[in-house]
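What follows is the residue order along each chain.
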Amino acid sequence: MAKNYFYIGSQKIVDVYIGSTPISKVYKGSVLVYQKTKAAAQNIFIAILLSWNKDTPKNNFAYSYDGITWTESTLPIANDCGNTCSRIAYGDGKFVAIGLTQSAVSTDGKTWSVGGTLPSANWNEGLVYGNGKYIQTNSTSKKVASSEDGATWDQNSTTFGTAPIGITYGNGLFVLSNFAYSEDGGVAWIENSTMSGKNGGVIKYFNGKFINCSVYDSNMIMYTSTDGKTWTSQTFTGIEGFTDLTYNNGKYYLLTRWDKMYISEDLSTWTEKTAPYAYTIAYGAGKLVITGAEEGKTYYSTDDGDTWAEGYAFSQNTEDDIWVVDYFDTSTADASLAGGGNLG
């Protein structure tokens with residue numbers, strides 16, 4: 001493993017420049033002898049406020065380190081439904097957010113600056129980091145775009161037959177909610193002919209499995225795959241209004257919009273529990289955190305969803321405001337907030 005320093009004689013070199021340009025890697029022949037490392041951000045919950053009635057609240061997101069105490073702040077970009085962003089992803093030491101027409105970047109998840117212009121406006125819905133790239137989906141253009149820094153974006157030439165809503169990354173593959181996948185870092189995309197006409201919505205990669213679920217249906221359809229190419233489907237009668245899914249330590253937590261949460265260890269047998277009316281769920285800092293729809297509130301549970309406590313109420317919520325939440329474990333290679341497009 002390369003060090004983040006090297007010596008010239010007895011002088012220790014930590015920062016390398018050619019003129020005024022910082023150099024992140026130095027090779028001796030083909031051997032990497034120096035690589036400047038990036039300090040990891042602190043693990044963090046981030047919650048986003050969506051105003052369906054196009055209100056423009058002063059504060060449009062909040063962050064928390066424990067899921068209980070939150071600090072409100074402002075993202076400098078707008079989304080399709082109000083003055084905030086749509087999705088956030090973390091990778092390579094940087095948080096990236098996408099909105100209506102622009103991206104934003106941050107090194108800590110708290111303070112943000114405008115990144116760049118997105119190739120397609122309106123309904124930029126999915127975002128994920130993997131293989132050195134941020135890739136976002138746009139369901140209007142039916143295209144994806146990629147960026148290495150979160151500021152400069154290149155739109156892929158592929159126009160999908162079924163609009164891509166969500167996107168995830170795992171096992172070296174980018175996979176879309178329409179079951180298309182890329183094996184070369186998002187350059188060439190293969191539309192899965194065996195899944196033609198099908199589309200999930202919330203797509204995640206947990207515990208070595210790709211999981212793609214239909215959103216809001218009266219009976220949830222869940223597609224699972226270990227390789228992102230061959231899929232098995234299950235229909236769950238009675239699981240109605242599915243909105244989001246998270247995972248921790250061998251357990252999958254499935255949230256619906258009708259005051260219910262379900263827990264499973266095998267994605268087949270689910271135990272029902274009562275939960276506050278909410279849209280999104282995340283696990284981090286030893287607790288489950290969910291966001292309350294149409295009331296701008298967060299709730300948390302430390303006992304696997306047996307009991308819930310109100311954590312925070314957004315200071316400028318209206319009955320039309322909806323929260324999106326996720327936990328970013330910055331010790332991992334990447335993390336993505338609602339990358340599955342759960343509100344798409």
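Here the structure is shown first, and the text comes after it.
Undergrad: Quick rundown of the sheet that holds strand β19 (residues 173-176)? Include the residues and the values.
TA: Note: strands within a sheet are paired through backbone hydrogen bonds, in either parallel or antiparallel orientation. What the three strands build is an open sheet, ordered β18-β19-β20; its pairing is antiparallel. Of all strands in the sheet, those bounded by a partner on one side alone are β18 (167-170) and β20 (181-182). In terms of strand pairing, β19 meets β20 through two bridges, oriented antiparallel. In the strand pairing of β20, valine 175 is matched with tyrosine 181.

Undergrad: Explain the sheet that holds strand β15 (residues 133-138) residue by residue, including any values.
TA: Pairing is antiparallel in the open sheet, where four strands are placed in the order β14-β15-β16-β17. Among the strands making up the open sheet, the edge pair consists of β14 (124-130) and β17 (154-155). Sheet topology note: the β14/β15 ladder contains five bridges and is antiparallel. For tyrosine 129, the partnering residue across the bridge sits in β15 and is tyrosine 134.

Undergrad: Describe the pairing of strand β28 (residues 271-274), listing the residues and the values that go with them.
TA: By the bridge criterion, four bridges tie strand β27 (residues 260-264) to β28 in an arrangement that is antiparallel. Residue pairing across strands places lysine 260 opposite threonine 274, the latter belonging to β28. Between β27 and β28, which pair antiparallel one after the other, the connecting turn spans six residues, and leucine 267 there sits at a positive phi close to 65°.

About the thresholds
- Residues numbered from 1 in each chain as written.
- Predicted model: local features only at pLDDT ≥ 70, side-chain atom pairs only at ≥ 80, totals over all residues.
- Heavy atoms only, no water.
- Pairing = 2+ DSSP bridges.
- Helix = DSSP H or I, 4+ residues; strand = E, 2+ residues; numbered from the N terminus.

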